[in-house]
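# Close look at the chain arrangement
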Amino acid sequence: MKKIDVALGLQWGDEGKGKVVDVLTPIYDIIARFQGGPNAGHSLHFDGQKYVLHTIPSGVFRKGAVNIIGNGVVVDPRIFAEEVAELETVVPDISARLLISKKAHLILPTHRVLDAAQEASKGSGKIGSTLKGIGPAYVDKTGRGGLRVGDILAPDFRARYEAARDIHLQQLKSYDFTFDLAEFEAGWFEGIDSIRRFTLIDSEQVLNDALAEGKSILAEGAQGSLLDIDFGTYPFVTSSNTVCAGACTGLGVAPSRIGKVYGVFKAYCTRVGSGPFPTELFDGDGERMRKIGFEFGATTGRARRCGWLDMVALKYAVMINGVTELIMMKADVLNDFDTIRVCTAYEADGGRTTTLPYELTGTLRPVYREFAGWRCDVSGARRWDDLPPELKSYIEYIENECGAPVRIISVGPDREETIER
Ligand code: GDP
Ligand code: IMO
Ligand code: MG
């Protein structure tokens with residue numbers, strides 16, 4: 001039987017998963033998102049245009065590919081409807097290309113209010129959430145109080161919605177937080193009507209049948225491994241399993257059905273929101289990365305924190321995910337740096353460690369290894385042989401450390417600015 005390949009982020013999100021999935025889509029029949037929701041922002045560039053996807057899989061622009069929103073995803077109908085409306089100008093047959101799992105959970109307007117109220121109550125301990133209601137929606141899912149996409153077909157859906165909403169309104173009484181639900185609710189129900197235009201499926205059955213028929217499937221992750229609810233920098237994480245195992249639970253495919261695991265990482269590191277980031281730069285180098293790499297959130301527009309590649313964290317992510325192929329993004333952003341640094345260990349009062357500690361506290365000092373920069377523009381490179389020797393050495397070092405080959409090197413945002421090996 002065919003296996004399902006997985007593409008996921010190895011850092012704190014925004015690695016460039018959207019671009020990678022778009023580039024890989026031509027060799028797959030189906031692209032399936034397995035977790036997260038509209039907290040994600042996946043950017044794609046082609047034909048001189050930029051598109052940002054939040055809930056819809058990144059294979060949607062390629063004719064012939066079927067896109068599936070899996071059971072592990074949380075869907076905000078209002079944001080979904082806006083995304084569909086924007087896409088319809090470019091992908092008029094979107095309702096034929098996109099299927100939605102009945103078991104995906106719905107983000108209610110009151111989930112968003114709860115997210116905002118909870119963040120506001122945290123003071124300096126804020127997660128830096130995208131405030132899309134992700135945490136509260138997953139809490140309801142695991143607490144067995146959630147509403148699922150399939151429920152919109154039930155005759156008493158409105159009553160079920162109101163019951164769930166009223167529980168949230170009770171919870172909100174314990175926060176000093178004002179909000180206006182009426183406007184949110186109207187847009188939400190319009191969004192539900194938009195979802196009704198799509199085919200709702202038992203995606204686990206559809207995907208396993210497709211594998212049995214020999215179809216090729218790529219699972220698309222959102223966020224990154226260091227934002228995983230179990231293995232990320234808890235509590236500064238998202239509320240789902242972003243790692244490879246999340247593709248099994250988020251799509252209903254058995255672990256033995258997982259094939260290639262593409263681990264996507266940037267040539268450096270970024271993080272948006274709060275939480276530890278040992279290699280973060282507060283100097284001109286960090287500012288240059290942010291400016292050249294245009295490191296501003298695709299969902300919230302927030303400036304992303306930038307820093308050097310963290311090999312300790314990258315190796316941890318490779319281990320947890322069982323990465324078989326690495327994909328390095330944004331090599332071009334480091335074009336002008338004389339020296340490139342990579343964190344190979346952390347130093348703390350108790351000594352040096354090369355494995356990820358339980359907590360990444362602010363007292364950890366990164367130990368850096370230096371590499372010579374390539375000091376030339378690599379954005380025109382299309383083959384491995386076009387790359388400067390310094391960049392090749394950097395990539396080979398990463399391959400050796402991680403024990404997996406770098407199969408794709410991205411040298412610009414456009415789908416063409418890609419080197420496959
Ligand atoms: P995702 O969430 O993992 O899909 O990543 P985002 O789309 O949030 O962030 C990645 C950003 O980097 C987007 O603006 C992409 O257009 C851009 N990008 C992707 N690959 C490259 C690359 O190789 N070079 C440059 N300069 N930008 C890239
Ligand atoms: P993509 O798929 C980067 C971060 C938020 C916050 C934390 C929790 O584009 O890579 P949440 O809204 O989930 O409660 O936020 O996770 N975060 C992301 N950071 N890329 C993302 O998605 C993210 N999704 C959530 O900034 O720190
Ligand atoms: Mg993103």
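Please refer to the structure higher up on the page.
The paragraphs below set out a description of the structure included in this document. Positions within a chain are numbered from 1, following the residues in the order the chain's sequence is written. As a convention, the first chain written is A and the first ligand written is 1, with the rest following in written order. With pLDDT at 70 or above as the cut-off, local features in this predicted model cover only qualifying residues; side-chain atom pairs require 80 or more to be listed or tallied, and sums for whole chains, interfaces and linings still use all residues. The side-chain quantities take in all heavy atoms of the structure and omit both hydrogens and water.

To qualify as a helix, a DSSP run of H or I must reach at least 4 residues; to qualify as a strand, a run of E must reach at least 2; elements of each kind are numbered from the N terminus. Across its full length, the protein carries 12 helices and 20 strands. As defined in this context, the radius of gyration uses C-alpha atoms, and a globule is described by 2.2 Å times the residue total to the power 0.38. On C-alpha atoms alone, the protein measures out to a radius of gyration of 21 Å, which is about the 22 Å that the 2.2 N^0.38 rule sets for 421 residues. Projected onto the principal axes, the alpha-carbon positions of the protein cover approximately 65 × 50 × 40 Å. Burial classes follow relative accessibility: with a 1.4 Å probe on protein chains only, a residue under 20% of its type's maximum area counts as buried, one over 50% as exposed, and anything between as partly exposed. The 421 residues of the protein split such that 58% are buried.

Before going further, it helps to spend a moment on the coordination of the magnesium ion (ligand 3). Each metal site is built from N, O and S donor atoms within 2.8 Å (3.2 Å for Na, K and Ca), and since water is not included, such sites may look incomplete. Within the protein, the atoms that donate to the magnesium ion (ligand 3) are D14 (OD) and G41 (O), at distances of 2.0 to 2.2 Å. Here D14 is found in the loop between β1 (4-9) and α1 (17-24), whereas its partner G41 is found in the loop between β2 (30-33) and β3 (42-46), with 27 residues between them in sequence. Judged by its relative accessible area of 11%, G41 falls in the buried class.

Let us now look at the packing of aromatic side chains. Side-chain rings of Phe, Tyr and Trp, where Trp is taken by its six-membered ring, are said to pair if the distance between their centres is within 6.5 Å; with planes under 30 degrees apart they count as stacked, over 60 as edge-to-face, and otherwise as tilted. The full count for this structure, using the stated rule, is 14 aromatic pairs. With a centroid separation of 6.2 Å and 15 degrees between ring planes, the pair formed by F157 and W188 is classed as stacked. Linking F157 in helix α6 (residues 157-172) with W188 in helix α7 (residues 181-196), this pair joins segments that are 31 residues apart in sequence. You'll find F157 and W188 in the same group, each marked buried. A ring pair is formed by F371 and Y394, whose centres lie 5.5 Å apart and whose planes are at 70 degrees; its orientation type is edge-to-face.

Counting 60 residues, the largest nonpolar core has L326, M328, Y394 and I398 as its most contacted members. Contacts are residue-level and defined by heavy atoms, with any inter-residue pair within 4.5 Å sufficient. When neighbours within four sequence positions are excluded, M328 is seen to be in contact with F265, A267, L391, Y394, I395, I398, V406, I408, I409 and S410. In plain words, nonpolar cores are sets of buried Ala, Val, Leu, Ile, Met, Phe, Trp, Tyr and Cys residues tied together by side-chain atoms within 4.5 Å. Residues L44, F61, L98 and L108 belong to the second largest nonpolar core, which totals 32 residues.

Here H105 is to be found in strand β8 (residues 105-106). Setting aside its immediate chain neighbours within four residues, H105 contacts N71, V73, V74, V75, K141, G146, L147 and R148.

On to the site of ligand 2, then. The immediate surroundings of ligand 2 are formed by 20 residues, with D14, K17, H42, T130 and T238 found nearest. Whenever two N or O atoms come within 3.5 Å, that pair is a polar contact, provided that in protein one can donate a hydrogen and the other can accept it, and provided that, for residues adjacent in sequence, both atoms are side-chain atoms. One of the backbone nitrogen or oxygen atoms of I127 is found 3.4 Å away from an oxygen atom of ligand 2. One of the backbone nitrogen or oxygen atoms of G128 is found 3.3 Å away from an oxygen atom of ligand 2. Accessibility throughout is a Shrake-Rupley quantity obtained with a 1.4 Å probe, and a residue counts as covered only by protein chains that appear here. In isolation ligand 2 exposes 550 Å². Once the protein is present, 97% of that is buried. Proximity criterion: a residue is near a molecule or strand once any of its heavy atoms comes within 4 Å of it.

The next point concerns the site of ligand 1. If you check the shell around ligand 1, you find 20 residues, and the closest are G16, K17, S43, D332 and S410. For ligand 1, an oxygen atom lies 3.1 Å from a polar atom in the side chain of R304. Within the backbone of G412, one N or O atom sits 3.1 Å away from an oxygen atom of ligand 1. Burial of ligand 1 by the surrounding chains reaches 95%, relative to a free accessible area of 590 Å². Counting only elements with at least two residues in the shell around ligand 1, the list comes to α1 and β3. Its residues assigned to classes, the shell around ligand 1 shows five nonpolar, eight polar and seven charged. When residue character is reported, Ala, Val, Leu, Ile, Met, Phe, Trp, Tyr, Cys and Pro are called nonpolar, Asp, Glu, Lys and Arg charged, and the others, Gly included, polar.

As a further point, take the side chain of T418. By the secondary structure assignment, T418 is in strand β20 (residues 418-420). With a relative accessible area of 11%, T418 lands in the buried category.

Right, let's talk about the pairing of β2 for a bit. Neither face of β2 is open: one carries I30 and A32, the other I31 and R33, and all of them are buried. At least two DSSP bridges between two strands are needed for those strands to be called paired. Taken together, the four bridges between β2 and strand β5 (residues 66-69) define a ladder with parallel strand orientation. The residue of β5 that forms the bridge with I31 is N67. Judged from the four bridges that link them, β2 and strand β10 (residues 217-220) form a sheet pairing that is parallel. Across the sheet, the residue bridging to R33 is E220, located in β10.

What follows is about the pairing of β1. Of all six residues that make up β1, six are buried, and the element is covered over most of its length. Going residue by residue along β1, you find I4, V6 and L8 tucked away on one face and D5, A7 and G9 tucked away on the opposite face as well. Where β1 meets strand β11 (residues 258-266), five bridges bridge the pair, whose relative direction is parallel. For I4, the partnering residue across the bridge sits in β11 and is I258. Both β1 and β10 contribute to a ladder of four bridges, which runs parallel. Bridging across to β10, D5 finds its partner in L218.

Before going further, it helps to examine the pattern of salt bridges. Salt-bridge detection follows one rule: a side-chain nitrogen of Lys or Arg within 4 Å of a carboxyl oxygen of Asp or Glu. Summed over the entire model, instances satisfying the criterion amount to 31 salt bridges. Here E295 ties to R304 by a salt bridge, and the two come within 2.7 Å at their closest N and O atoms. There is no split in this pair, since E295 and R304 are both buried. A single salt-bridge network, built from bridges that share partners, covers D14, K266, E295, R304 and K330.

Read across the sheet, 10 strands follow the order β9-β7-β5-β2-β10-β1-β11-β15-β19-β20 without closing on themselves; strand pairing throughout is mixed. With one partner strand each, in any of the chains shown, β9 (199-201) and β20 form the two edges of the open sheet. Strand-to-strand twist in this sheet, taken as the mean axis angle between neighbours without regard to direction, amounts to 20 degrees. Note: β5 against strand β7 (residues 98-101), three bridges, orientation parallel. The partner of I68 across the bridge, within β7, is L99. Axis definition: a line fitted to C-alpha atoms, limited for helices to the stretch in contact. Angles are taken between N-to-C directions and run from 0 to 180 degrees.

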